[in-house]
Amino acid sequence: MRSSKATIRAVLLLSCPERPGIISDVSNFLVKHGANIVQFDQHTTDPQDGVLFMRIEFDLEDDRHFAKLKGNLAAMAGEYGMEWRLSHERQTKRMAIFVSKMDHCLLELLWRWKSGEIHAEIPMVISNHNDLREAVESYGIPYYHIPVSAETKEEAEAKTLELLKDKVDLIVLARYMQILSPAFISHYPDQIINIHHSFLPAFIGANPYRKAFERGVKLIGATAHYVTNDLDEGPIIEQDVVRVNHRYNEAALKIAGRQVERSVLAQAVAWHLKDHVLVYGNKTIVFA
Ligand SMILES: Nc1nc2c(c(=O)[nH]1)N[C@@H](CN(C=O)c1ccc(C(=O)N[C@@H](CCC(=O)O)C(=O)O)cc1)CN2
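Model, not experiment: these values are computed from the prediction.

I keep staring at the domain arrangement of the protein chain and nothing clicks. Help me out?
For the protein chain, the domain assignment lists domain 1 (8-88) and domain 2 (94-286). Both faces considered, domain 1 and domain 2 share a buried interface measuring about 800 Å² in area, 63% of it formed by carbon and sulfur atoms. The largest contributions to the domain 1 side of the interface with domain 2 come from Leu13, Phe53 and Arg55, which together make up 52% of the buried area. There are one salt bridge connecting domain 1 and domain 2. Taken together, domain 1 and domain 2 are joined by five residue pairs in polar contact (both at pLDDT 80 or more). Breaking the side of domain 1 that touches domain 2 down by element, the ones donating at least two residues are β1 (8-17), β3 (51-60) and β4 (83-88). The element that contributes the greatest number of residues to the side of domain 1 that touches domain 2 is β3, accounting for four residues. Residues belonging to the side of domain 1 that touches domain 2 are distributed by class as follows: six nonpolar, three polar and two charged.

I would appreciate a short explanation of the environment of Phe213 in the present structure.
With respect to the helices and strands, Phe213 occurs in helix α7 (residues 208-215). When its relative accessible area of 42% is taken as the criterion, Phe213 is described as partly exposed. Along the chain, Phe213 and Leu164 lie 49 residues apart, while their C-alpha atoms are 38 Å from each other.

Is there a simple way to explain the sheet that holds strand β11 (residues 236-243) in this structure?
Hydrogen bonding along the main chain pairs the strands of a sheet, whether they run parallel or antiparallel. Here we have seven strands laid out as an open sheet, ordered β7-β6-β5-β8-β9-β10-β11, and mixed in their pairing. Bordering the open sheet on either side are β7 (143-145) and β11, each of which pairs with just one other strand. Pairwise comparison of adjacent strand axes, ignoring direction, gives a mean angle of 15° for this sheet. Two elements, strand β9 (residues 192-196) and strand β10 (residues 219-226), share four bridges in a ladder whose sense is antiparallel. Each bridged residue has a counterpart across the sheet, and for Ile193 the counterpart in β10 is Tyr226. Across the sheet, helix α3 (residues 104-114) is in contact with β5 (95-99), β6 (125-127), β8 (170-173) and β9; its angle to β5 comes to roughly 155°.

Even after reading the chapter, I still don't get the site of the ligand, so can you show me in this structure?
Gln178, Ile179, Leu180, His196 and Asp232 are the nearest of the 17 residues found near the ligand. For the ligand, an oxygen atom lies 2.8 Å from a polar atom in the side chain of His196. Protein burial of the ligand: of its 710 Å² of free accessible surface, 75% is covered by the chains.

I tried to follow unusual backbone geometry on my own but got confused; where do I start?
In terms of backbone geometry, most residues other than glycine have negative phi values and most peptide bonds are trans. Residue Pro201 is reached from Leu200 by a cis peptide bond, and omega for that bond is 10°. Among the structural elements, Pro201 can be located in the loop between β9 and α7. One non-glycine residue, Asp166, lies in the positive phi region at around 65°. Relative to the assigned elements, Asp166 resides in the loop between α5 (153-164) and β8. Residue Arg175 is not a glycine yet carries a positive backbone phi of 60°. Note that Arg175 resides in the loop between β8 and α6 (182-185). Among the residues examined, Arg175 registers a relative accessible area of 6% and is labelled buried.

Conventions adopted
- Residues numbered from 1 in each chain as written.
- Predicted model: local features only at pLDDT ≥ 70, side-chain atom pairs only at ≥ 80, totals over all residues.
- Heavy atoms only, no water.
- Domains from an automatic or database assignment.
- Buried area = accessible area lost by both parts, 1.4 Å probe.
- Salt bridge = Lys/Arg side-chain N within 4 Å of Asp/Glu carboxyl O.
- Polar contact = N/O pair within 3.5 Å; in protein donor to acceptor, adjacent residues only side chain to side chain.
- Helix = DSSP H or I, 4+ residues; strand = E, 2+ residues; numbered from the N terminus.
- Nonpolar A, V, L, I, M, F, W, Y, C, P; charged D, E, K, R; others polar.
- Buried < 20%, exposed > 50% of the residue type's maximum accessible area, 1.4 Å probe, protein only.
- Pairing = 2+ DSSP bridges.
- Axes fitted to C-alpha atoms, helices over the stretch in contact; angles between N-to-C directions.
- Contact = heavy atoms within 4.5 Å.
- Near = heavy atom within 4 Å.
- Areas by Shrake-Rupley, 256 points an atom, 1.4 Å probe, with all protein chains shown as cover.

Here it is in structure tokens:
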């Protein structure tokens, strides 16, 4: 239960070289700036010479305290070699959703957004098909149809980037079936989340359910990951599986997989939007 006094909730995410006393120094820095720490998570890769990761959630009296803390944070970060991200609850992230023809992951995100479970602005949905326009526009969200072919991919991406420019902080590929170019991805490092319909690293690329059926797996799954130039090999944010058996044909696998895809993607997006995820090389630390 938060204090009755109006405050703002902020989150500091940081990483830096491990050194004794740093957790105390960061805590004292925040308290000195009027922060009331409500949650503190940390992880170190190696107590001797590893990397330390922290997620600190805290309350501040007002925007003036936030601005002063942010202003002084750069100096402390420089002293400890920190990489950091500071956000507060009124800085609502703007999320664009990319889709193709399948609607289950899109509708899960829109339902959770409408119910307030996912806190974001959704300035647009972009698709290479027109199938989902009516569903999206029924939520009052602008829908942009940008067809893509091998011949038009570069032009389509340029048009897409122009639409997105200065309007989004996160892109979610909700079963979007086009491979994004390195040039496109470079505009949104660790800001594009994809749902791959397999339990990676199994069955990378297209048609994972067909590959799963041919392999005779007893578990299928889904993996939400940040998009990188290496197809389906970006930092994993969330995964889950569901049990199947010999009675499942490829169509049945797809139906069973839809449930796990939609919940895994929604969880990954929710964690990203609430600043629970740090990327470290090709891995993540999720302070859930
Ligand atoms: N640069 C990246 N782009 C995308 C990734 C990624 O990890 N890195 N994930 C995909 C989604 N995806 C699997 O989850 C996937 C989608 C599409 C394909 C594919 O072979 N697409 C063909 C076209 C297929 C079609 O036209 O229907 C292609 O792009 O040539 C493989 C994997 C989203 N993008």
